[in-house]
Amino acid sequence: MQAAIVVFPGTWSDGDCVFALERLGVTARRVWHRETDIGDADLVVLPGGFSYGDYLRCGAIARFSPVMQAVRAHADAGGLVIGICNGFQILCEAGMLPGILMRNASLQFRCQPTHLVPAEHRSPFTAGIEPGRVLQVPISHGEGNYFADTATLEMLEAEQRVAFRYCDADGRVAAEANPNGSVANIAGVLNERRNVLGMMPHPERASAALLGGEDGNAIWASALARVEAARAA
Amino acid sequence: MPVDAATLERIALSRDEYERLVGMLDREPNELELGMAAALWSEHCGYKHTRPLFRHFPTTGPRVLTEAGAENAGAIDLGDGWCAVFKMESHNHPSAIEPYEGAATGVGGILRDIFAMGMRPVALLDSLRFGPLDDARNRHLFSGVVAGIGGYGNCVGVPTVGGEVQFDPAYGGNPLVNAMCLGVGRVEHLLSASARGPGNPLVLVGADTGRDGIHGATFASVELDEASEERRPAVQVGNPFMEKLLLEACVELAEQHGEWIEGLQDLGAAGLTSSSVEAAARAGTGIDIDVSRVPRREAGMTPDEVMLSESQERMLVIPKREHLDDVLALFRRWELHADVVGEVTDDGYATIRDGDNIAGRIPIGVLTDPPQYELETERPPDLDARQAEDLAALPDCEDPTGDLLALLGSQNIASRRWIYRQYDHEVLTGTVVPPGGDAALIWLKGTDRALAVATDCNGRLVELEPRTGAACAVAEAARNVVAVGATPVAVTDCLNFGNPERPYIAYQIEQSILGLADACRTFGTPVVSGNASLYNETPAGAVLPTPTVGMLGVLDDVERRLTPAIGVGDEVLLLGAPLAQPAGALAGSEYLASRHGRVAGAPAIDLDFEARVQRLVLDANERGLLTAAHDLADGGLAVALAECCLAGDTGLDAGAADIGDRLDGALFGEAQSRFVVAVRDPAARAALEALAAETGVEVVALGTAGGDRLRLGPVDASVGALREAYEGGLPRALGAG
């Protein structure tokens, strides 16, 4: 699999995404935000960070970067896109995913482990994860409080487009397990076609036992299997 | 230019120092020249009172790659072509006035010191001191500083992995904010901060220059008083987004195009003045700067404002002439301003132009030759009496379990989670041992090695006996590093004291430096970088003498790392001292201060023995005997064991341990040179005991981990109660959830 890791000014999870993907045998290439060609990547990653210093609003400036046209074209053609943390914020600002990310309910930055449970099993990012499996994946953000209006939420639930919810270690989706106040404990959402995922937790950090766990690899591996299957077909 | 007293006071230059400058120049300086000289001769830049004492420090060793003080930070050889650079620096005065920006720009400044050397910053630590949190202003300073550290470090994408925070009334009006940074890279990518090669251009990169921070170096060299609030314009404002771009551009330059440049230097205190003059001094050259070519943030700035501005996120690059265009293109690709503002000369002068006019011209040698003062020292007369206080005359503790829970929940010991969960401590996917343990452990990717980093200083011990207390700071920092399995290799320090012109303070400074030197020599850990921050005083008095130590350790096999987490079934042992301790072991302890309201007793350390105990832990770990380790420090044995239980989420039954007849000394005494360790089985225990016997270190079996209670002699508490006390401490003190 080939992955394109988009680097905006202020992105800082690019190296971690390269690290995690290369450990899974994926060829990962960084793409500077001024480039307009993402090559023949199977997966486009919008990593975490503070693109443009979060000035104006998280992700609000990055969505105008030249590379975003190529990212949108890739998604429109059915290619896989994952936005992590700031990447999720950018996808929401770009209108590629519904909803917004507000300031954490605590009004503080939070860097801590969280538990996630997949809330659907049809997307390329979750199909390979056994139902009910709880993943321990850390968060690191000040503005990860997911919100959408009632109509949008109803649509997301009806179409099963919530990809992950925050839960406790036993998989219970409980208020105490919600680290940032996200509505309905939503940690990640999908677009209508299910090929674009945005999530606040950082699967690239849960990528080695040495770093305290490798549950994040399940998400990458699921996407990898989908790409390999499509290629074989 | 006849100079008046008000001008001299504004720039913190004495009349004698002014006369010295006139003598060296053989004329009166103009306003620009006076401002430049005053900045470089300030305590902050010129180390007028401390430099003569630095010669006591051991600064060389087989791993040391840089001459101490020669570059922005010390560099250590890690083997196989890898090296580490690290340094700690204070940002105390700005943080006292404007805590968020003061702390944020402290982080920014120390990062630039590291990537100016071509290394990638991989870890930040912060050693903090505040007045107690029951005071609203202290809460404001504390939460502002924590937010500022997080706001900057989180945005720039370098993990904040450790440090410490202590609270004491002596830091009330004058908090200490010491930021440390560790960078790593290949030895061949190390850069120098020198302006070599006359004719080479001087390129200013990054932020535009504004009026912020003018005379910041001077401000940092005087005591704080009621008027200090008016110095708010001397505090700079940080832009971590710009810093991130600078970081990436500079690391790319070092890693891929080091041959394009002669030198790279950050702009810190005294801005363009100190960066250009110091770079020229290193190379034995001169500089010629045209301030009209410096991009401004605001109109109407005078030449001395441009030269002394401390606007953040700027770097000075000295490219080779033939690679100027390459260098400019590289920075512009990172969307940074890069402008030629002058050139290197061979005349040994700092020549400052404003377009066609020469605004000032002063020999580099004058600027880099600040006056040096012999400290007039006097031992504080109350020290002997305080040390001689009979602690055995104090009533022994009557409620050991209650006292333990009170200590665990106290501001100085409680869990720091409230702080570090606001810091991104995981970005760069290298944090193997996160905050909350003895030292942070950072994986050196591409190898099996890891680097341990810790900061430490117990100002009470230093106050009671400066030489011993400072040695204890080194010992504790080294123990922290050893407790994760790493061998201590080098030290950076940040010397925080009051006004050196007062003899009692001068004594603290001199003796502390001697104590640091004693310990560093014994442990074989040279001092490779550092910083001094004096005049940490308010009208209420000076801060506790706080020579903060930053220790770097190396662990060759990251899989051999240790943490305090004991596992069910582990046998837990105390190394380094008998279990029973006299009341004298409470000297300078948290228990004595919090329970009895006194800072007294005689601190003591046997450095050779300390080194032997540390060696024993490292040897035992290399043989695979240990499953956990924890250093004994604040709160003594009982607190250390509680922390081991909390980390491992298990109880420990040491109820049968004979702790002697002085409960407070045994449970809460803070005698040095002690560790708690755990082993998995009797064979490992026997091997450890044999090893300890060879080195003459006492081993005491405490008990077996398991269950959900900590029992230690008369102490009996559930792990749940310990956790509630420990985790709830800071939120309770802050009145927040």
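Look a little higher up for the structure.
Within each chain, residues carry numbers counting from 1 in the order of the written sequence. Ligands are numbered from 1 and chains lettered from A, in the order in which they are written. Only residues with pLDDT of at least 70 get local features here, since the model is predicted, and only at 80 or more are side-chain atom pairs given and counted; chain-wide, interface and lining totals rely on the full set of residues. Hydrogens are left out, water is left out, and the side-chain values use all remaining heavy atoms of the structure.

(A) Representation of the pattern of salt bridges within the structure. Throughout this description, the term salt bridge denotes a Lys or Arg side-chain nitrogen within 4 Å of a carboxyl oxygen of Asp or Glu. Inspection of the entire model under this criterion finds 55 salt bridges over all chains. With its nearest N and O atoms 2.9 Å apart, the salt bridge here joins Arg120(B) to Glu248(B). Placement of the pair is Arg120(B) in strand S3 (residues 120-130) and Glu248(B) in helix H10 (residues 240-257), with a sequence separation of 128 residues. Only protein chains enter the accessibility calculation, which uses a 1.4 Å probe; a residue is then buried when its area is under 20% of its type maximum, exposed when over 50%, and partly exposed in between. Owing to a relative accessible area of 26%, Arg120(B) belongs among the partly exposed residues under this scheme. Judged by its relative accessible area of 13%, Glu248(B) is buried. We note a salt bridge from Asp518(B) to Arg467(B), for which the minimum N-O separation is 2.7 Å. Taken together, the positions of Asp518(B) in helix H20 (residues 503-523) and Arg467(B) in helix H19 (residues 466-483) put the pair 51 residues apart, joining distant regions of the chain. Take Asp518(B): its relative accessible area is 22%, and that puts it in the partly exposed class. The network of salt bridges with common partners includes Asp168(A), Asp170(A) and Arg172(A). Think of it this way: any DSSP run of H or I at least four residues long counts as a helix, any run of E at least two long counts as a strand, and we number them from the N terminus.

(B) Structural view of the interface of chain B and chain A. At the junction of the two partners, chain B supplies 29 residues and chain A supplies 23 residues. Buried area is understood as the total, over both parts, of accessible area removed when two parts are fitted together, assessed with a 1.4 Å probe. Interface area, chain B with chain A, both sides summed: about 2300 Å², of which 60% is carbon and sulfur. Across the salt bridge formed by Arg34(A) and Glu335(B), the nearest N and O atoms sit 2.8 Å from each other. For the purposes of these results, a polar contact is taken to be a pair of N or O atoms within 3.5 Å, where, inside protein, one atom must be able to donate a hydrogen and its partner to accept one; residues adjacent in sequence count only when each atom of the pair is a side-chain atom. Scanning the region where chain B abuts chain A turns up ten residue pairs in polar contact (both at pLDDT 80 or more). Residues are grouped as follows: nonpolar covers Ala, Val, Leu, Ile, Met, Phe, Trp, Tyr, Cys and Pro; charged covers Asp, Glu, Lys and Arg; every other residue, Gly included, is treated as polar. The residue makeup of the side of chain B that touches chain A, split by class, is twelve nonpolar, eight polar and nine charged. Here, residues are in contact when the closest pair of their heavy atoms is within 4.5 Å.

(C) Expanded view of the pairing of strand S4 (residues 160-167) of chain B. Residue and element names in this part refer to chain B. Judged by how many residues are buried, S4 sits mostly within the fold: six of eight residues are covered. Note that S3 and S4 share seven bridges and pair parallel. Each residue of the ladder has a partner; that of leucine 128, found in S4, is valine 165. When the strands point away from the viewer and the connection leading from the first strand across the helix to the second strand turns clockwise, the crossover is called right-handed. Crossover S3 to S4 through helix H8 (residues 136-156) is right-handed. What makes two strands pair is DSSP finding at least two bridges between them.

(D) The sheet that holds strand S13 (residues 431-433) of chain B, seen in detail. All names here are of chain B. Read across the sheet, six strands follow the order S13-S14-S15-S20-S16-S17 without closing on themselves; strand pairing throughout is mixed. This sheet does not close on itself; its edge strands, each paired only once, are S13 and strand S17 (527-533). Between one strand and the next, the sheet's axes are offset by a mean angle of 25°, whatever the strand orientation. Here strand S15 (residues 450-456) pairs with strand S20 (residues 546-555) via seven bridges, running antiparallel. Bridging across to S20, threonine 455 finds its partner in glycine 550. Comment: axis = line fitted to C-alpha atoms, over the contacting stretch for helices; angle = value between 0 and 180 degrees taken between N-to-C directions. The sheet strands contacting H20 are strand S16 (487-496), S17 and S20, and the helix crosses S16 at an angle near 175°.

(E) Focus on the packing of aromatic side chains. Residue and element names in this part refer to chain B. Only Phe, Tyr and Trp rings are paired, with Trp represented by its six-membered ring, and only when their centres lie within 6.5 Å; those with planes under 30 degrees apart are stacked, over 60 edge-to-face, the remainder tilted. By the definition in use, this model includes 13 aromatic pairs over all chains. Here tyrosine 47 and phenylalanine 54 contribute two aromatic rings whose centre-to-centre distance is 5.8 Å and whose plane-to-plane angle is 65°, an arrangement assigned as edge-to-face. You can call tyrosine 47 buried: its relative accessible area is 14%. A ring pair is formed by phenylalanine 130 and phenylalanine 142, whose centres lie 5.3 Å apart and whose planes are at 85°; its orientation type is edge-to-face. Placement of the pair is phenylalanine 130 in strand S3 and phenylalanine 142 in helix H8, with a sequence separation of twelve residues. Across the pair, phenylalanine 142 and phenylalanine 130 agree in class, each one buried. Should the NZ of a Lys or the CZ of an Arg lie within 6 Å of a ring centre and within 35 degrees of the ring normal, that charge is described as sitting over the ring. The positively charged end of arginine 20 is found above the aromatic ring belonging to tryptophan 41, 4.9 Å away from the centroid. Positioned over the ring face of tryptophan 82 is arginine 186, at 4.8 Å from the centre of the ring.

Read these as geometric descriptors, not functional statements.
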